[in-house]
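Each chain, letter by letter, is given below.
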Amino acid sequence: QVQLVESGGGLVQPGGSLRLSCAASGTIFSIYGMGWYRQAPGKERELVADIASGGSTRYTDSVKGRFTISRDNAKNTVYLQMNSLKPEDTAVYYCNADLRMSILSTRREYWGQGTPVTVSS
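Predicted model only: the values in this text are computed from it and were never measured.

(A) Spotlight on the side chain of Glu6. Along the chain, Glu6 turns up in strand 1 (residues 2-7). Although Glu6 is buried, it makes no salt bridge; Arg45 carries the closest opposite charge, 7.7 Å away. Within the local environment of Glu6, its side chain forms a polar contact with the backbone nitrogen of Cys95, the two atoms lying 2.6 Å apart. Of note is the side chain of Glu6, whose polar atom sits 2.7 Å from the backbone nitrogen of Gly114. If we ignore the near neighbours within four places in the chain, the residues touching Glu6 are Ser21, Cys22, Trp36, Tyr93, Tyr94, Cys95, Gly112, Gln113, Gly114 and Thr115.

Written as structure tokens, this is what we have:
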């Protein structure tokens, strides 16, 4: 079994900052990509940022220059530092990991339960 547990969401004023964390635990052989998605009310889930095992990153255009994704491979943890937050960043943020449980298993994606982020004055 694999679990992804997110933390760090909450209510913040426009212009503020939050740091999300997501720790993967359980039977894990290797983690490839890790990422953050978000889903706002009435909208589809979208990729916010992801990071490969080697450290290369991608960001959706709306967060470039404001958000930074990073990972600690020793702790199986991915982070999302969010600065200069805007009301349009309000959403439930989900952690995603592409991993293999054992050398014999196939790669598959796992999701966290989501952590809400609300940007409002």
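(B) Molecular detail of the sheet that holds strand 3 (residues 18-26). The sheet built from four strands is open, its strands ordered 1-3-8-7 with antiparallel pairing. Of all strands in the sheet, those bounded by a partner on one side alone are strand 1 and strand 7 (67-72). Pairwise comparison of adjacent strand axes, ignoring direction, gives a mean angle of 15 degrees for this sheet. Pairing of strand 1 with strand 3 involves six bridges; the strand directions are antiparallel. Bridge pairing in strand 3 links Glu6 to Cys22.

(C) Region of interest: the nonpolar core. With 29 residues, the main nonpolar core has Trp36, Val48, Phe67, Val78, Leu80, Met82 and Tyr93 as its most contacted residues. Those elements giving two or more residues to this core turn out to be strand 1, strand 3, strand 4 (30-39), strand 5 (46-51), strand 7, strand 8 (77-82), strand 9 (91-100) and strand 11 (115-119). Ranked by residues supplied to this core, first place goes to strand 9 with five residues. Non-local contacts of Phe67, meaning those with residues more than four positions away in its chain, are made with Arg38, Val48, Tyr59, Leu80, Gln81, Met82, Asn83, Leu85, Asp89 and Tyr93.

(D) Inspection of the state of the cysteines at higher detail. For the coordinates displayed, the defined rule picks out one disulfide. Here Cys22 connects covalently by a disulfide to Cys95, the sulfurs 2.0 Å from one another. Its torsion about the S-S bond being -80 degrees, the disulfide of Cys22 and Cys95 is classed as left-handed. With Cys22 in strand 3 and Cys95 in strand 9, this residue pair connects regions lying 73 residues apart in the sequence. Judged by relative accessible area, Cys22 falls into the buried class, the value being 0%.

Reading the values: the criteria
- Residues numbered from 1 in each chain as written.
- Predicted model: local features only at pLDDT ≥ 70, side-chain atom pairs only at ≥ 80, totals over all residues.
- Heavy atoms only, no water.
- Helix = DSSP H or I, 4+ residues; strand = E, 2+ residues; numbered from the N terminus.
- Buried < 20%, exposed > 50% of the residue type's maximum accessible area, 1.4 Å probe, protein only.
- Lys, Arg positive; Asp, Glu negative; His and termini not counted.
- Salt bridge = Lys/Arg side-chain N within 4 Å of Asp/Glu carboxyl O.
- Polar contact = N/O pair within 3.5 Å; in protein donor to acceptor, adjacent residues only side chain to side chain.
- Contact = heavy atoms within 4.5 Å.
- Pairing = 2+ DSSP bridges.
- Axes fitted to C-alpha atoms, helices over the stretch in contact; angles between N-to-C directions.
- Core = buried A, V, L, I, M, F, W, Y, C linked by side-chain atoms within 4.5 Å.
- Disulfide = S-S within 2.5 Å.

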